[in-house]
Amino acid sequence: MSVPNASPWEFKIQATDDEITRLRMYFDNNQENSMYDFLRAHVPYVEYHNDSTNDIHDENLIKVYEMVHQLGDEEARNHIKSMGILNDFTSE
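Just so we're clear, the structure is a prediction, and the values are computed from it rather than from any experiment.

**Comments concerning the overall build of the protein chain**
Item 1. A tally of regular secondary structure across the protein chain gives 3 helices and 0 strands.
Item 2. For the protein chain, the sequential pattern of α-helices and β-strands runs α-α-α.
Item 3. Looking at the protein chain as a whole, 23% of its 92 residues are labelled buried.
Item 4. When the accessible surface of the protein chain is summed, it comes to about 7,400 Å², and 52% of that surface belongs to carbon and sulfur atoms.

As structure tokens, this is what we get:
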């Protein structure tokens, strides 16, 4: 059954409650950061690569993909690997 507005990408993971909480924290951080991104978008002289709110968003997104890669099933790991998103970025 199709769900309206559902994302076409789904990853199956196996995680503990603590891991799910940490993953949710990354998503929540990006949600909170979205208002700053919105406001910054209206300042034409600030370039994307020189904006700390974009850096925060990117870092959180990389952490999400790292966790999904670590916790995901083989299909999830293969898909993330095929994206190449973790090749040039690492979280601390």
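**What to know about the confidence of the model for the protein chain**
Atomic detail in the predicted coordinates should be set aside for any region of low pLDDT.
Item 1. Put simply, the protein chain has an average pLDDT of 80, and 71% of its residues get 70 or more.
Item 2. By mean pLDDT, helix 1 (residues 17-40) is the weakest element of the protein chain at 84, and helix 3 (residues 74-83) is the strongest at 92.

**Some details on the nonpolar core**
Item 1. Grouped together as the largest cluster of nonpolar side chains are 11 residues: Leu23, Tyr26, Ile62, Val64, Tyr65, Met67, Val68, Leu71, Ala76, Ile80 and Ile85.
Item 2. Elements with a contribution of two residues or more to this core: helix 1, helix 2 (52-71) and helix 3.
Item 3. With 6 residues, helix 2 is the single largest residue contributor to this core.
Item 4. Among residues more than four places away in sequence, those in contact with Ile85 are Ile62, Tyr65 and Ile80.

**Considering the environment of Ala76**
Item 1. Tracing the backbone shows Ala76 in helix 3.
Item 2. Take Ala76: its relative accessible area is 2%, and that puts it in the buried class.
Item 3. Distance from Ala76 to Glu10, taken between C-alpha atoms, is 8.2 Å for residues 66 residues apart in sequence.
Item 4. Ignoring any residue separated from it by four or fewer positions in sequence, one finds Ala76 in contact with Phe11, Lys12 and Val68.

What counts as what
- Residues numbered from 1 in each chain as written.
- Predicted model: local features only at pLDDT ≥ 70, side-chain atom pairs only at ≥ 80, totals over all residues.
- Heavy atoms only, no water.
- Helix = DSSP H or I, 4+ residues; strand = E, 2+ residues; numbered from the N terminus.
- Buried < 20%, exposed > 50% of the residue type's maximum accessible area, 1.4 Å probe, protein only.
- Areas by Shrake-Rupley, 256 points an atom, 1.4 Å probe, with all protein chains shown as cover.
- pLDDT = per-residue confidence, 0-100.
- Core = buried A, V, L, I, M, F, W, Y, C linked by side-chain atoms within 4.5 Å.
- Contact = heavy atoms within 4.5 Å.

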